[in-house]
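Results of the structural survey
Below are the chains, spelled out letter by letter.
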Amino acid sequence: MKRFAYPLAILASSVLASACTDDLPPSDPLPPGSTQGGETTTFDHPGDSISPWDLLDRLTKEGPPSFTSHMHSCPKVKYATLGNILTGVGINAANTTAVSAGDLYTNGANALGAANYPNRIRENVAITTSGASREFDIFAAGAPEVIAAFTAGTIARCPGAKLFDASNACQPEGITCLTGVPATAEHVQFCNLTVTSASDVPTGQKLAVAAILAAAYTCE
Amino acid sequence: MQRISVLLFAAALAAPACSTGDGSGGGGDVSATCGNAVCDSGETETTCPADCSQTGDQWDQQLNNRTVDYNAALRIASLRLTGKLPTVADINSVATAADDAAKKTVYNGLVKAMLETPEFKTQILAFWKDTFKQGDSALLDTAPTFAAMLTVNNGSYMDLFTASSGNCPTFDGTTFTPGECANGGPVAGVLTNPGVMAQFNSNFAFRRTRWVQETFVCTAFPAETAAAPVDVGGGAPYTGVWPFASIAGKDNGGRVDFHDVSATICANCHTTINHIAPLFANYDANGMYQTTISVPTPLDGAPLAKLSDYLPAGETTAWRYQVPAADLPALGAAMKNDPQVEACGVARIWNWALGKTDIVDTLQQVPSATITDQIAAFHASGWTLKDLVLAVYTSDDFVKF
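Attention here is on the structure that accompanies the text. Nothing here was measured: the structure is a model prediction, and the numbers come from that model.

Another aspect to go through is helix 11 (residues 206–217) of chain B. Residue and element names in this part refer to chain B. The end-to-end C-alpha distance of helix 11 is 16 Å, a good match for the 16 Å that 12 residues give at a rise of 1.5 Å each. By the criterion of burial, helix 11 is predominantly enclosed, with 9 of the 12 residues buried. In the core, the buried residues of helix 11 are packed alongside helix 7 (118–132), helix 10 (194–199), helix 12 (267–276), helix 14 (328–336) and helix 15 (339–353). The first or second residue beyond helix 11 is cysteine 218, which carries a positive phi of 70°.

Right, here's the structure in full:
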């Protein structure tokens, strides 16, 4: 527990001091940027303190900073990067057709946690339910475009790569192109299983592409 | 909140036995269970230190169980440094390298090449926008653009606090064009930037002060804590290092009682804050420098602040206790000499690379021990930013999973 003591001490001092009140932090912290207090108390101090209970829970589950600082986290894909990824796998990110992948992306900045600089809020890199849901919707909507781009061979990053062969079997080089890491036998097996388990091959291919993209880009 | 736990669980399942030969495992043990975080029958501290070491705890064992994966590192580095996926040719060049040493050579070369791409300029600008919490307008872009230009040109991080010209460049998506800020007054890196002053305008210029502390020291206030707290008659002791009366209160000329101890000890933070904030108080809401204090107070009618609201007569502005700073260039010089500022710069790049949330907003701390090598190299290089980015993205921790 000694490894947890330092961050908790910092938190305790900052919460108590910055709030300028001897009350315990509210159980439901105010939204970022909010202020609290008045002229008779502490004026308008920020109300965006970290809940010590949430921090303790995080430290218990994730480990102390001496451990977590060495480890990669699982941040969401940043908004602009997601646009590049969509383009990089053959999806038109600027498509304005209703509920196309491009439309869902273009109009999904808030759901995807894009920055709100006028309100001094940086881009959120934590994964949220709304962000992940929107991202998966985009991949589902864009799967046909991905398949068409592979068929036409228009993906410059991966010249000659095929996603499916003539017998509709998944190809590792195509999966590598989609995910950005070398495809494993398990990737190919999963892809083939998805294709063959669907009601028909075209549906299975769309599902396979959407599922691979969703799995690959849950974390950046 | 549970994402790391999930990853750790997955990593634990995926962690190969100690016979992978990467030097991170446990001696010559070939046990299939070595690396499962349990010292199984037949395993010893010698044959499987990852599971059986008496000196490390479960977290040390988890760290020892990581394995090098240059292809996974390449994907992350490419997405962060260029905003794009690596090409299949690059993926294969790493994957088909003969061994880990060869993979490392190829990987390091690819990362170095990424830092020279046009896309890196855009990515590093986005990083600084997020770090500074501002951007996407001509005014608010200038500070992050200055930081991005320094990074792309491998300039000194300390120029963010000390540069005396060219602090408001522009970026057209391809090229940085140096430019001067037009808000008047002293010039000291981003500390005098009009966008920063406008974005963080507030009563008493306290928000600007907080921005400097949190962005460049990586901790919230209080910034200075005494070894021995002092009883000042409140419900809690005073923990600052400054004399309690070194800031203003209603008992020594101020209109706001920073000496108040009835709610909490305001001086714990405000002894530091009040010695810095007057330096930022001459900037108005638009970030323009004025010859007199131009920030309001939260008092009835929102009158402008006075120096006597911050400090009693005879007290001068300062970065820290016994580190005086008469003006913003002096403040920047003091920050340049502060080891916490140097370490914070490394920690922010580190957290970006490893995908962390904001180091202050979410308390994603980076202990100095984690980044000792990078801090030393950063200091020795003269705080060159592109070198720092390369060092972090090619560090052992970045390529282990």
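Once you've had a look at it, read on.
The next subject is the nonpolar core. Side chains of nonpolar character tend, in soluble globular proteins, to be buried together. All names here are of chain B. The biggest cluster of nonpolar side chains holds 141 residues, and the ones touching the most others in it are Ala277, Ala347, Trp350 and Val392. Ranked by residue count, the leading element in this core is helix 15, at 9 residues. In this structure, alanine 277 is in contact with Phe204, Ala205, Phe206, Thr209 and Tyr310, ignoring residues within four places of it in sequence.

Here the focus is helix 4 (residues 70–81) of chain B. Residues lying three or four places apart along an α-helix face the same way, a consequence of the helix completing one turn every 3.6 residues. The end-to-end C-alpha distance of helix 4 of chain B, which contains 12 residues, comes to 15 Å, matching closely the 16 Å that a straight helix rising 1.5 Å per residue would cover. For helix 4 of chain B, a buried count of 11 out of 12 residues is recorded, marking the element as mostly surrounded by other parts of the structure. Its buried side turned inward, helix 4 of chain B meets helix 4 (79–88) of chain A together with helix 5 (88–95), helix 6 (100–114), helix 7, helix 15 and helix 17 (385–393) of chain B. A positive phi of about 75° marks B:Gly83, the residue just after helix 4 of chain B.

Here the focus is the interface of chain A and chain B. The interface is formed by 58 residues belonging to chain A together with 56 residues belonging to chain B. Elements represented by at least two residues in the side of chain A that touches chain B include exactly helix 1 (2–19), helix 2 (52–62), helix 3 (65–68), helix 4 and helix 7 (172–179) of chain A. Of all the elements, helix 1 of chain A adds the most residues to the side of chain A that touches chain B, at 8 residues. Its residues assigned to classes, the side of chain A that touches chain B comprises 27 nonpolar, 18 polar and 13 charged.

Residue and element names in this part refer to chain B. Viewed as axis vectors pointing N to C, helix 16 (residues 372–380) and helix 17 meet at an angle of 160°, and their least axial separation amounts to 10 Å. The orientation of helix 16 relative to helix 17 falls into the category roughly antiparallel. In terms of crossing hand, the pair formed by helix 16 and helix 17 is right-handed. Residues Gln374, Ala377 and Phe378 of helix 16 form the contact with helix 17, whose own contacting residues are Leu388, Ala391 and Val392.

Moving on, we get to the packing of helix 4 of chain B against helix 6 of chain B. Any two packed helices are characterised by how steeply their axes cross, that is the angle between the axes, and by the distance between the axes. Residue and element names in this part refer to chain B. The geometry of helix 4 relative to helix 6 is characterised by a closest axis approach of 10 Å and an angle of 5° between their N-to-C directions. Comparing their axes, helix 6 and helix 4 come out roughly parallel. Contact residues: Tyr70, Ala73, Leu74, Ala77, Ser78 and Leu81 in helix 4; Lys103, Lys104, Tyr107, Leu110, Val111 and Met114 in helix 6. Tallied by class, the residues present in the contact of helix 4 with helix 6 amount to 9 nonpolar, 1 polar and 2 charged.

Bringing unusual backbone geometry into the picture now. Going from B:Phe221 to B:Pro222, the amide bond is cis rather than trans, its omega being 10°. Position of B:Pro222 among the secondary structure elements: in the loop between helix 11 and helix 12. Although it is not a glycine, A:Val99 adopts a positive phi angle of roughly 55°. Within the chain, B:Phe204 stands out as a residue other than glycine whose phi angle is a positive 60°. Classification of B:Phe204 as buried rests on a count of 24 C-beta atoms within 10 Å.

What counts, and where the lines are drawn
Residues numbered from 1 in each chain as written. Chains lettered and ligands numbered in written order. Predicted model: local features only at pLDDT ≥ 70, side-chain atom pairs only at ≥ 80, totals over all residues. Helix = DSSP H or I, 4+ residues; strand = E, 2+ residues; numbered from the N terminus. Expected span 1.5 Å × (residues − 1). Buried ≥ 20, exposed ≤ 12 C-beta atoms within 10 Å, placed from the backbone. Contact = placed C-beta atoms within 7 Å. Core = buried A, V, L, I, M, F, W, Y, C linked by C-beta atoms within 7 Å. Nonpolar A, V, L, I, M, F, W, Y, C, P; charged D, E, K, R; others polar. Axes fitted to C-alpha atoms, helices over the stretch in contact; angles between N-to-C directions. Parallel < 35°, antiparallel > 145°, perpendicular 65-115°, else oblique. Left-handed = near helix turned anticlockwise from the far one by under 90°.

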